[in-house]
Amino acid sequence: MIYTVKTSTSHVNNAPTERFLHLQSNDNSLILLLDPIPAIIFWGRKIDREHAIPAALFDVPVGQARLDQHVVLALCPEHGRGDFGSPGIEGHRQGRDWAPVFNLTAVEHTDTAATMTLSDPRAGLELTIYLALDPESNVMTLRHRVVNIGNSDYTVDRLALTLPLSENLNELITYHGRWSHEFQMQRIPLTHGGFIQENRRGRTSHESFPGIIALQPETDDVHGNVIGMHLGWSGNHRLRAQVKSDGRRYLQAEPLLSSGEVILPPNGAFETPTMYALFSNQGLNGMKQGFHHYVRNQVINFPDAKPRPVHFNTWEGIYFYHEPQRIMAMADAVARLGVERFILDDGWFLNRDGETRALGDWIVDPKKYPQGLSPLVDHVNQLGMEFGLWVEPEMVSKDSDVFRAHPDWMLGLDDLGYHQPSGRYQYVMDLQNPDAYNYLLAALDSLLTEYNITYLKWDMNRELVQAAHNGLPAYHGQTLALYTMIDTLRARHPLVEIESCASGGGRVDYEVLKRTHRFWTSDCNDALERQSIQHGMLMFFPPEVMGSHIGPYRSHTTRRVHDMSLRGLTALFGHMGAELDPVGLPDVELVAFARYIDLHKHYRELLHSGKCFNIPSGDSGQRIYGVMNDDVVLLAVVQIAMPQYALAGRLRLPVLDGDKRYRIDVLDSPAAFSSTMKQQPSWMAKPLSIHGDQLIQIGLSLPIMDPESAMLLSFTLE
Ligand code: DGJ
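The structure displayed is predicted, hence computed values, not measured ones.

Trainee: Go over the sheet that holds strand E35 (residues 622–628) with me, naming the residues and quoting the values.
Mentor: The strand order E34-E35-E36-E41-E38-E39 describes an open sheet built from 6 strands, whose pairing is antiparallel. Looking along the sheet, the strands with just one partner apiece sit at the ends: strand E34 (611–615) and strand E39 (688–691). Looking at each pair of strands side by side, their axes are set apart by 25° on average, direction ignored. As judged from the 7 bridges shared by E35 and strand E36 (residues 632–639), these two strands associate in the antiparallel manner. Within E36, the position partnered with Arg 623 by the bridge is Val 638.

Here you go:
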C-alpha cells in the first residue's frame with residue numbers, strides 16, 4: 001500500500017522504508033516511487049489521500065525478449081540499471097566510472113516537496129534530486145546536483161532532468177523562429193521516435209526557446225490534458241521528447257555542455273538549471289495561467305509595486321543619429337502622449353556612429369553629448385519621465401579602445417591561431433576573466449552612480465562561437481558569470497530595472513527573469529507578426545514582462561503598413577511602449593497614440609494581473625484572446641488573414657461565469673468596417689446586457705472584418 005504522508009513539516013528519513021511519496025499542490029497529485037531509484041509514477045489531477053492507493057496499481061508486466069526485470073523510467077535514468085533511453089548522467093574519470101548506478105540514501109520531504117540523495121560509492125558520485133510542487137500554481141520544479149566524492153577529477157558530460165509523460169500525451173508543441181520571428185509554435189505528433197532540440201548559440205536564441213508542450217490530440221485552449229515544460233537557463237541547452245519502443249515517453253532538459261567544460265575536482269559539485277513543468281487538465285489556458293501565476297509570485301522581482309511604466313525607445317526613431325536637442329524634442333512629444341519612461345538606445349557612447357565599432361568603451365561620447373548625459377536626463381525627468389539607457393556589456397568591437405588595450409579580454413581561441421567569425425561585426429568579452437569582469441562592472445556602476453538612470457536595456461547581439469576561457473570551453477561559465485554580474489549590479493542599485501534583450505527575444509527564460517524585469521520580445525514591431533510572436537511567448541510569460549511597442553505606420557522590419565488600431569491593440573496586451581520618431585507626426589497619429597496609451601493605462605492593472613486566455617476560432621485566420629479578472633473580461637478579436645467564410649461565425653465565451661450577467665461594450669473597432677458590411681450586428685451599436693450562460697452557449701454573431709484588423713470588447717459583470 002502507498003503510505004499516506006501525514007505531516008506537512010519537514011521530515012528526514014535516513015533509511016527510507018516508504019517506497020512511495022504522494023505530494024500534492026492545490027489541484028494536482030504527484031506520486032513518486034523512491035526505491036530503487038526516484039521516479040514519477042503519477043502526475044495529474046488531485047487524488048484523495050484518504051484512500052490508500054494499492055501499490056499493485058503500479059505493477060508492470062515484464063515482456064518477452066526484454067530485460068528480465070522492469071526498469072522504471074527514473075528522474076535520472078541510468079544506463080547501468082538497464083534504461084536504454086537517454087541517460088540522466090553521463091561522465092567519466094579518465095574513462096572509468098562511466099555507468100553509475102545509484103542507491104537512495106536519504107529522503108527529506110514535506111507535503112509538496114522532496115529532496116532525495118543517492119550515492120554510488122564505486123563511481124565516487126553523489127546525486128541529489130530536488131523536486132517541489134508550488135502549492136498555488138501547481139508548477140513543479142526539478143533540479144539535480146552531482147558531487148564528486150571520489151579522489152580524482154570527474155568529467156561531467158551530461159546531467160539531465162527527466163520527466164515522464166502519460167501515454168495519452170502523444171502530440172507536442174515545439175518552438176522555432178529566427179530574428180524578428182521569435183516564438184513560432186508547431187504542433188507535431190509524438191508517437192514513435194522523438195524530437196530533439198539542441199541550442200549551441202550561447203543564449204536561449206530566437207531559434208530554440210527552451211520550452212516544449214506535450215498534449216493530447218483533442219487538447220485545445222480550453223479543454224484537455226497538457227504538460228508544459230521550460231528550462232530556466234540562458235545558455236546552451238538540449239531538450240528531448242522521446243517515445244520508447246514500449247510506449248513509455250518522457251521529456252528531458254539539460255544544459256548542453258561542451259567537451260571538457262565541466263571537470264569536477266574531489267568534492268566539486270555541478271548543478272543543473274531548474275526545470276519548470278506544469279500539468280493542467282484545462283487545456284493550454286490552464287497551463288498558461290498556472291505558469292503566469294508562478295512567474296508573478298516566484299520569479300519576478302520588481303523593485304516596487306508601481307504599475308509598469310509606458311515606454312518610449314529611441315532606436316527606430318533615430319538609430320545611431322544622436323543629437324541632444326532633437327532627442328529632447330522627442331521627449332517633449334512623447335511626454336504629451338502619456339509616456340512614463342524614456343529609453344536612450346544604442347549610439348550614445350564614445351565613437352558609436354554605427355554598428356561596426358566602439359562596443360566596450362562605455363563612456364558618453366563628448367562629440368554628441370558635450371555636457372554628458374545630464375542635460376538630457378534632467379530634461380526627461382523634468383517632463384515627469386524616468387530615464388533608461390541601452391548597454392551591451394558582454395560585447396566588444398575590435399575597433400574600440402578597450403580591445404586595443406586588452407585583446408586578451410576577448411572570449412575565443414584566437415591565441416591558438418583560430419579565426420573567429422564576428423557577428424554584427426562584434427566579439428564577446430570573457431566574463432570569467434576577472435579583469436574584464438571588473439572593468440565592465442565598474443563601467444556600469446559608474447554610469448548608474450553618475451546619472452539618474454532607473455532602467456537598463458541590456459542587449460546581447462551576437463552568438464557565442466569558439467567561446468573559450470584559458471583555452472577551455474566557457475559557454476556555461478559565461479552564462480553563470482553574466483548572472484553574477486547582474487546580481488552584483490542590482491545589489492548595488494536595487495531600484496534599477498533591467499530589460500533582457502538579445503536582438504529582440506534571443507535571451508528569454510525564467511533564470512534571467514529572476515534578475516531582470518522585462519523582455520524585448522522581438523525587434524519586429526509589425527503588429528501582424530507580433531500576433532504570433534506574442535501568442536507563443538504568452539504560453540510561459542505573463543504580459544507585464546513582454547515588451548510590446550507601437551511602431552510607425554510602415555514597419556521597419558517587414559515594410560508592411562498597418563493602421564493605428566491594429567498597432568495599438570496589439571501593443572495593448574503586453575508591457576506597452578512606443579518606438580518611432582514622434583517629431584513631426586501628423587496630429588491625427590499623435591492623438592491615436594495618446595488614445596491607445598490611455599486605454600492601456602486604464603486597463604493596465606487587469607492586463608498585468610489578470611488571467612490570460614485564448615478562445616478557439618473556427619477560422620484559422622482569426623485570433624480571439626483576452627485577459628479577465630472577477631469583474632471584467634477584456635477581449636480582442638483579431639482578423640489576421642482573409643476570413644475563410646463570408647460570415648464571421650459566433651463568439652462563444654466558455655471562460656465566463658454562466659450564472660452571472662454581463663454588459664458588453666465595444667471599446668475599439670476598425671475604422672473601415674463600412675467596406676466589409678452593409679449592416680453591423682445590432683449589439684455593436686449600443687451596450688448590451690446578457691446572461692453569461694447565453695454567451696457561453698449561444699454566443700454573439702461577429703462582425704465581418706478585413707484581414708489585418710482588430711476589435712476590442714469588454715464584458716463587465718453587472
Ligand atoms: C538590438 C535590439 O533588439 C534593438 O532593439 C536595438 O536596441 C539594437 N540592438 C541596438 O543596437
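So, next bit.
Trainee: Hey, could you go over the UniProt feature "domain: Glycosyl hydrolase family 36 N-terminal" (unreviewed entry) in the protein for me, with residue numbers and the actual values?
Mentor: Taken from the UniProt record, the annotation "domain: Glycosyl hydrolase family 36 N-terminal" (unreviewed entry) applies to residues 38–253. For residues 38–253, the helix share is 0%, the strand share is 48%, and the end-to-end C-alpha distance is 17 Å.

Trainee: Summarise the packing of helix H10 (residues 564–572) against helix H11 (residues 587–607); cite the residues concerned and give the values.
Mentor: For any two helices packed against each other, the geometry comes down to the angle between their axes and how far apart the axes lie. H11 packs onto H10 with a crossing angle of 25° between their chain directions and a minimal axis gap of 9 Å. It follows that H10 is roughly parallel to H11 by the angle criterion. At the point where H10 passes H11, the crossing takes the right-handed sense. Contact residues: H10 offers Met 564, Ser 565, Arg 567, Gly 568, Leu 569 and Leu 572, while H11 offers Glu 589, Ala 592, Phe 593, Tyr 596, Leu 599, His 600 and Leu 607. When its residues are assigned to classes, the contact of H10 with H11 shows 8 nonpolar, 3 polar and 2 charged.

Trainee: Could you give me a rundown of the sheet that holds strand E2 (residues 20–24), with the residues and numbers involved?
Mentor: Pairing is antiparallel in the open sheet, where 3 strands are placed in the order E2-E3-E4. Looking along the sheet, the strands with just one partner apiece sit at the ends: E2 and strand E4 (39–45). Going from strand to strand, the sheet's axes swing by 15° on average, the running direction of each strand aside. Relative to strand E3 (residues 28–33), E2 runs antiparallel, the two sharing 5 bridges. Bridge pairing links Gln 24 to Ser 29 in E3.

Trainee: If you had to explain the packing of helix H9 (residues 527–537) against H10 to someone new, which residues and values would you point to?
Mentor: One can describe the packing of H9 onto H10 by two numbers: an axis separation of 9 Å at closest approach and a directional angle of 25°. When the axis of H9 is compared with that of H10, the two are roughly parallel. Between H9 and H10 the crossing geometry is left-handed. Contacts from Ala 527, Leu 528, Arg 530, Gln 531 and Gln 534 of H9 reach H10 at Leu 566, Arg 567 and Thr 570. Looking at side-chain class alone, the contact of H9 with H10 contains 3 nonpolar, 3 polar and 2 charged residues.

Trainee: Quick rundown of the pattern of salt bridges? Include the residues and the values.
Mentor: For the structure on display, the rule yields 49 salt bridges. One salt bridge connects Glu 271 with Arg 143, and the closest N-O pair in it is separated by 2.5 Å. Within this pair, whereas Glu 271 is found in strand E20 (residues 269–271), its partner Arg 143 is found in strand E9 (residues 140–148), the two being separated by 128 residues in sequence. Overall, Glu 271 belongs to the partly exposed group, its relative accessible area being 29%. Taking relative accessible area as the criterion, Arg 143 reaches 25% and is therefore assigned partly exposed. Put simply, Glu 511 and Lys 514 hold a salt bridge, and the shortest N to O gap is 2.8 Å. Its relative accessible area of 32% is what places Lys 514 among the partly exposed residues.

Trainee: For the side chain of His 237, give the residues involved together with the corresponding values.
Mentor: The topology assignment puts His 237 in strand E17 (residues 237–243). Residue class for His 237 comes out buried when judged on its relative accessible area of 0%. For His 237, the side chain forms a polar contact with the side chain of Gln 197, separated by 2.9 Å. Polar side-chain contacts of His 237 include one of 3.4 Å to the backbone oxygen of Ser 208. If sequence neighbours within four positions are ignored, His 237 has contacts with Gln 197, Glu 198, Asn 199, Thr 204, Ser 208, Phe 209, Pro 210, Leu 231, Glu 254, Pro 255 and Leu 256.

Trainee: Describe in detail the layout of surface pockets, supporting the description with residues and values.
Mentor: Here the largest pocket is characterised by a volume of approximately 1,100 Å³. In terms of lining residues, the largest pocket is bounded by 37 residues, among which Ile 40, Ile 41, Phe 42, Phe 58 and Val 60 are the most central. No other element matches the 7 residues that E4 contributes to the lining of the largest pocket. There is about 710 Å³ of room inside the second largest pocket. Together, 28 residues line the second largest pocket, and Gln 282, Asn 285, Gly 286, Gln 289 and Lys 611 are the ones closest to its centre. Across the lining of the second largest pocket, the residue classes tally to 7 nonpolar, 15 polar and 6 charged. Inspection of the lining of the second largest pocket shows a minimum of three residues originating in each of domain 1 (11–55 + 69–299) and domain 2 (617–717).

Rules used in this analysis
Residues numbered from 1 in each chain as written. Predicted model: local features only at pLDDT ≥ 70, side-chain atom pairs only at ≥ 80, totals over all residues. Heavy atoms only, no water. Pairing = 2+ DSSP bridges. Helix = DSSP H or I, 4+ residues; strand = E, 2+ residues; numbered from the N terminus. Axes fitted to C-alpha atoms, helices over the stretch in contact; angles between N-to-C directions. UniProt positions renumbered as here; feature names shortened; annotations may be inferred. Parallel < 35°, antiparallel > 145°, perpendicular 65-115°, else oblique. Left-handed = near helix turned anticlockwise from the far one by under 90°. Contact = heavy atoms within 4.5 Å. Nonpolar A, V, L, I, M, F, W, Y, C, P; charged D, E, K, R; others polar. Salt bridge = Lys/Arg side-chain N within 4 Å of Asp/Glu carboxyl O. Buried < 20%, exposed > 50% of the residue type's maximum accessible area, 1.4 Å probe, protein only. Polar contact = N/O pair within 3.5 Å; in protein donor to acceptor, adjacent residues only side chain to side chain. 1 Å grid on protein atoms, 1.4 Å probe; cavity = no way out; pocket = protein on both sides within 12 Å on 5 of 7 lines; lining within 4 Å. Points joined across faces, edges and corners; volume = space filled by probe spheres on them. Domains from an automatic or database assignment.

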